[in-house]
Amino acid sequence: MATVSIENRDNIALVWVDNPPVNALSHSVREGLKDAMAAIANDDTIDAAVIACRGRTFIAGADIREFGAPPKAPHLTEVVQIIEDMQKPIVAAIHGTALGGGLEVALSCHYRVALSTAKIGLPEVKLGILPGAGGTQRFPRIAGVENALDAIISGRHIKAKQALSWGAVDEMVEDGLEESAMAFAASVIGKGPRRTGEMTIDGDKYDQAFFDAFRASIARKTRGYFAPERCIRCVEAAVKLPLKEGLAAERENFQECFSNPQARALQHMFFAERQVSRVPGISKDTSRRNIKKVGIIGAGTMGGGIAMNFANIGMPVTVLEVQQEALDRGLAVVRKNYEHTASKGRMTQDDVETRMALFTGTMDYADLADCDLIIEAVFETMDIKKTVFTALDKVAKPGAILASNTSYLSIDDIADVTSRPTDVLGLHFFSPANVMRLLEIVRADKTADDALATCIDLAKKIGKVGVVSGVCHGFIGNRMLSQYAREMSLSVIEGAMPHDVDKAMYDFGMAMGPMTVSDMAGLDIGYLNRKGMDRAEYETRATDWIDRVVEMDRKGLKTGAGIYDYDEGSRTPKPSETVMNVILEESAKLGIERTEKSADEIVERGMLALINEGAKILGEGIAIRASDIDIVYINGYGFPAFRGGPMHYADQMGLKAAYEKILKNAETFGPRWWEPAPLLKELAEANSSFAEYDKKQVG
Ligand code: CAA
């Protein structure tokens, strides 16, 4: 069936785009639009046209699935120019989302009518590219340079009302889009086309100083990303050059972005995020449980943060603590968080009160009896977890989902203390739980499919990306983290200083270096953990120096000193002479001849540790797909999205190379921690990749 068709209504043509699911600009749509414009131009009975879309949305952009294939004419740049050059007025009728190439089509139309629920945006930067079909040239002309920079650099969706105030939309309607757009088209027949490309920008206002200031304002947020700077250069071209030359500059910058590995990495992330909810045994036909009320056990930082997610979507939450004081403190922190948001203008004081009214505090387990989902976020020891779940088992209503927020412990063992292990699973939130996007959903041996399916849906509702993990110590993220942390710490004892390691990883793109992260998390947690373990169970060379630091009462940021020093009230780490001396002493004690470590060496060691463990996790079936692991690392561990996650990074390195380097590390550092993952070996020997492996998984 044709993806573009024309309906003639008196003297106005209604051009329909119909290419489910999101009317992406596949080859047939581009060709259809081009042909439609030719037909309209040649038909004397037609005076104007409306471009509208069937289904849930206006055109949501170029067809990302075609990005890997050689481009096929007509290209979008040609199609939008044809639309803009039309002699008869063309009106875009926008509903849903007009994104990327979709908005570029709308901008090449002479006028735009939108439903009030519609959104527009140029999200290309999130895919590592830039609006390559005139978006960087036309959007500043119609919406203003500041607004265009905001939209293009953030990639955010802009509501119709705001687009109207920017001048990017001419008319906003509550309903009856098709008729309104037709009426609008009829009203401009006399006026003829108004071409965005012919609009001018007051160039004097936007001098070098303006763009320098803008660059400085986004520098932190866009650190390491290739495309944002290219976007700015294009907008500068829009200000300084006539359309044709500006479009040429846009093309050049687009090609540079397109061939940069970051584009592949970010496009990998786009599809990875859409894969996570495809889980073996779960389909849209799997029944779901109705979740209307949530119980949280523990009002600490984690419990409070978790509770906020549900209140934010209007769900009542009962928070349980054992002592009134702890309960009051926890709820006060929640209020403080909301008030902080209100003080930034991101919510009103009324909103704060509405959200707080959804909270009920209690010290009585019986008050959780009407909750459909109860999440435990108490102290991380198995005995305490078991006590909590035994108590829950007594009061929770039949069919309630019982979840643990444990970061490491076995959900199978926790489930076994209840009489209903099928209702038990893990919901592992990341701190701060109201902010971090990652949620590991841990499927235990006996977890029922409908309980799991419910939580997968719920993750989306609360704005999280939910990744399903099997049961193992630390699940996907923390199990990998412990390998990485150990190798980073060994790099220190062998020759680097903590700030060298942090700088290497920060420059690689990590949100923070591993030593800074340890100080923030608190060094005492691992220390106490180790006290309950046999020294043979872990790598003492990596931990003894940290234990000495803890024993000096340097527990991290919270005590004002840890691996680093901190000035009073400051969170900025400063290298510590004391700790550096401890490191030198510990190296000497171990008879280690310290050698300099280059940033490349440090990064490679950290990455290989992640990759090898990731491959083990994948081979054991703990993670469903390699791309799920990438999602975990990017959304929960500050891994740079522009590198596509550790598994995509491995694919870029080549699995054969990764495998050989791991074998070499086994020789250099000893085999104990460098046993290659069987799956990595298998894929490397088959000259395959994690991407190929993923293709064979569900979905
Ligand atoms: N190309 C190909 N497929 C796309 C697509 C696109 N641009 N946008 C969405 N899809 C697919 C998704 O992969 C998904 O497919 P499956 O069901 O097979 O997984 C399906 O459409 C539905 O997508 P979502 O699950 O994301 O649905 P949603 O309702 O939650 O969101 C949306 C809809 C807001 C349009 C969202 O899909 C989205 O943001 N899409 C990307 C938009 C975008 O980035 N556009 C710019 C493309 S680049 C460009 O246009 C550059 C250029 O001009 C050269």
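Further up the page is the structure itself.
Since this is a predicted model, take the numbers as computed values, not measurements.

Chemist: Looking at this structure, how should I read unusual backbone geometry?
Modeler: Outside of glycine, negative phi angles account for most residues, and trans bonds account for most peptide bonds. Of note, the bond from Pro20 into Pro21 is cis; its omega dihedral lies within 30 degrees of zero at 5 degrees. Within the chain, Phe475 stands out as a residue other than glycine whose phi angle is a positive 55 degrees. For Asp553, which is not a glycine, the phi torsion comes out positive at approximately 65 degrees.

Chemist: What am I meant to see in the nonpolar core here?
Modeler: Within soluble globular proteins, side chains that are nonpolar generally end up buried alongside one another. Within the largest apolar cluster, 90 residues are counted, with the highest numbers of intra-cluster contacts made by Leu33, Val50, Ile51, Ile94, Ile120 and Phe139. By residue number, the principal contributor to this core is helix 9 (residues 227-240), which donates seven residues. Counting residues in each nonpolar core, the second largest holds 75 residues, with Val579, Ile583, Ile611 and Phe690 among its members.

Chemist: What is the right way to read the sheet that holds strand 4 (residues 90-94) from this model?
Modeler: Neighbouring strands of a sheet are bound in pairs by backbone hydrogen bonds; such pairs are parallel or else antiparallel. What the six strands build is an open sheet, ordered 1-2-3-4-6-9; its pairing is mixed. In this open sheet, the two edge strands, each paired with only one partner strand, are strand 1 (4-9) and strand 9 (171-173). Taking each pair of neighbouring strands and ignoring which way they run, the sheet shows an average axis angle of 20 degrees. Bridge count between strand 2 (residues 12-17) and strand 3 (residues 48-53): six bridges; the pairing is parallel. Considered in strand 3, the bridge of Ala13 is made with Ala49. Relative to the sheet, helix 1 (residues 27-42) contacts strand 1, strand 2, strand 3 and strand 4, its axis offset from that of strand 1 by approximately 30 degrees.

Chemist: Is there a simple way to think about the site of the ligand in this case?
Modeler: Close contacts around the ligand come from 23 residues, with Arg56, Ala62, Ile64, Gly101 and Arg274 the closest. Here an oxygen atom of the ligand and a side-chain polar atom of Arg56 are 2.5 Å apart. The side chain of Glu104 places a nitrogen or oxygen atom 3.0 Å from an oxygen atom of the ligand. Taking 980 Å² as the accessible area of the ligand by itself, protein coverage stands at 75%. Elements supplying a minimum of two residues to the shell around the ligand: strand 5 (97-99), helix 3 (101-108) and helix 11 (261-275). When the residues that make up the shell around the ligand are grouped by side-chain class, the tally is twelve nonpolar, four polar and seven charged.

Chemist: What's the story with the sheet that holds strand 14 (residues 401-404) in this structure? I'm lost.
Modeler: Spatially, 12-11-10-13-14-15-16-17 is the arrangement adopted by the eight strands of the open sheet, whose pairing is mixed. Of all strands in the sheet, those with a lone pairing partner are strand 12 (359-362) and strand 17 (465-469), marking the two edges. Pairs of neighbouring strands in the sheet enclose a mean axial angle of 25 degrees, with direction left out of account. With four bridges joining them, strand 10 (residues 294-297) and strand 11 (residues 317-320) adopt parallel strand pairing.

Chemist: What should I look at first to understand the packing of aromatic side chains in this one?
Modeler: Centre-to-centre distance and the angle between the planes together describe a pair of aromatic rings. What the rule picks out here adds up to 13 aromatic pairs. Ring centres of Phe67 and Phe258 lie 5.6 Å apart, and the angle between their planes is 75 degrees; this geometry places the pair in the edge-to-face category. You can see Phe67 sitting in the loop between strand 3 and helix 2 (76-85) and its partner Phe258 sitting in helix 10 (residues 243-258), a full 191 residues away along the chain. We classify Phe67 as buried; its relative accessible area is 18%. Assessed through its relative accessible area of 30%, Phe258 is described here as partly exposed. Taken together, a centroid distance of 4.9 Å and an interplanar angle of 80 degrees make the contact between Tyr225 and Phe642 edge-to-face. On the criterion of sequence distance, the pair formed by Tyr225 in the loop between helix 8 (208-218) and helix 9 and Phe642 in the loop between helix 25 (626-636) and helix 26 (645-653) is long-range, its members being 417 residues apart. On the basis of relative accessible area, Tyr225 is assigned to the partly exposed category, the value being 29%. Given the relative accessible area of 8%, Phe642 is considered buried. An aromatic cluster of at least three residues, connected via ring pairs, comprises Phe67, Phe254 and Phe258. Lying across the ring of Tyr506, Arg223 places its NZ or CZ 3.5 Å from the centre. The ring centre of Phe669 lies 3.7 Å from the NZ or CZ of Arg605, which sits over that ring.

Chemist: I'm lost on the side chain of Thr543 in this one. Help?
Modeler: Mapping Thr543 onto the fold places it in helix 22 (residues 540-551). Exposure remark for Thr543: the relative accessible area of 11% places this residue in the buried category. Setting aside residues up to four positions removed in sequence, Thr543 forms contacts with Arg530 and Tyr538.

Chemist: Please clarify how the packing of helix 8 against helix 9 should be interpreted in this entry.
Modeler: The description of two helices packed together rests on the angle between their axes and the distance between the axes. At a minimum axis separation of 11 Å, helix 8 and helix 9 run at an interaxial angle of 160 degrees. In terms of axis orientation, helix 8 runs roughly antiparallel to helix 9. Crossing hand, helix 8 versus helix 9: right-handed. For the pair helix 8 and helix 9, contact is made by Gln208, Phe211, Phe214, Arg215 and Ile218 and by Glu229, Ile232, Arg233, Val235, Glu236, Val239 and Lys240, respectively. Split into classes, the residues belonging to the contact of helix 8 with helix 9 amount to six nonpolar, one polar and five charged.

Chemist: Even after reading the chapter, I still don't get the pairing of strand 1, so can you show me in this structure?
Modeler: Sheet faces and side chains relate simply in a regular strand, where the side chains alternate between the two faces. Sheet topology places strand 1 next to strand 2; six bridges connect them, and they run antiparallel. Bridging from a neighbouring strand, Ile6 pairs with Val15 of strand 2. Hairpin connection, strand 1 to strand 2: the antiparallel pair is bridged by two residues, and Asp10 has positive phi, about 55 degrees.

Chemist: Just checking my understanding: could you explain empty space enclosed by the protein for this structure?
Modeler: In this approach the atoms are scanned with a rolling probe the size of a water molecule, which exposes any empty space left behind. Under the defined criterion, the tally for this structure stands at one cavity of 30 Å³ or more. Around the largest cavity sit Phe310, Leu427, Phe429, Leu439, Cys455, Leu458, Ala459 and Ile462, which together line it. Counting residues per element, the ones that place at least two in the lining of the largest cavity are strand 15 (424-429) and helix 17 (449-461). With three residues, helix 17 is the largest single contributor of residues to the lining of the largest cavity. Split into classes, the residues belonging to the lining of the largest cavity amount to eight nonpolar, no polar and no charged.

What counts as what
- Residues numbered from 1 in each chain as written.
- Predicted model: local features only at pLDDT ≥ 70, side-chain atom pairs only at ≥ 80, totals over all residues.
- Heavy atoms only, no water.
- Core = buried A, V, L, I, M, F, W, Y, C linked by side-chain atoms within 4.5 Å.
- Buried < 20%, exposed > 50% of the residue type's maximum accessible area, 1.4 Å probe, protein only.
- Helix = DSSP H or I, 4+ residues; strand = E, 2+ residues; numbered from the N terminus.
- Pairing = 2+ DSSP bridges.
- Axes fitted to C-alpha atoms, helices over the stretch in contact; angles between N-to-C directions.
- Contact = heavy atoms within 4.5 Å.
- Near = heavy atom within 4 Å.
- Polar contact = N/O pair within 3.5 Å; in protein donor to acceptor, adjacent residues only side chain to side chain.
- Areas by Shrake-Rupley, 256 points an atom, 1.4 Å probe, with all protein chains shown as cover.
- Nonpolar A, V, L, I, M, F, W, Y, C, P; charged D, E, K, R; others polar.
- Phe/Tyr/Trp six-rings, centres within 6.5 Å; stacked < 30°, edge-to-face > 60°.
- Lys NZ or Arg CZ within 6 Å of the ring centre and 35° of its normal.
- Parallel < 35°, antiparallel > 145°, perpendicular 65-115°, else oblique.
- Left-handed = near helix turned anticlockwise from the far one by under 90°.
- 1 Å grid on protein atoms, 1.4 Å probe; cavity = no way out; pocket = protein on both sides within 12 Å on 5 of 7 lines; lining within 4 Å.
- Points joined across faces, edges and corners; volume = space filled by probe spheres on them.

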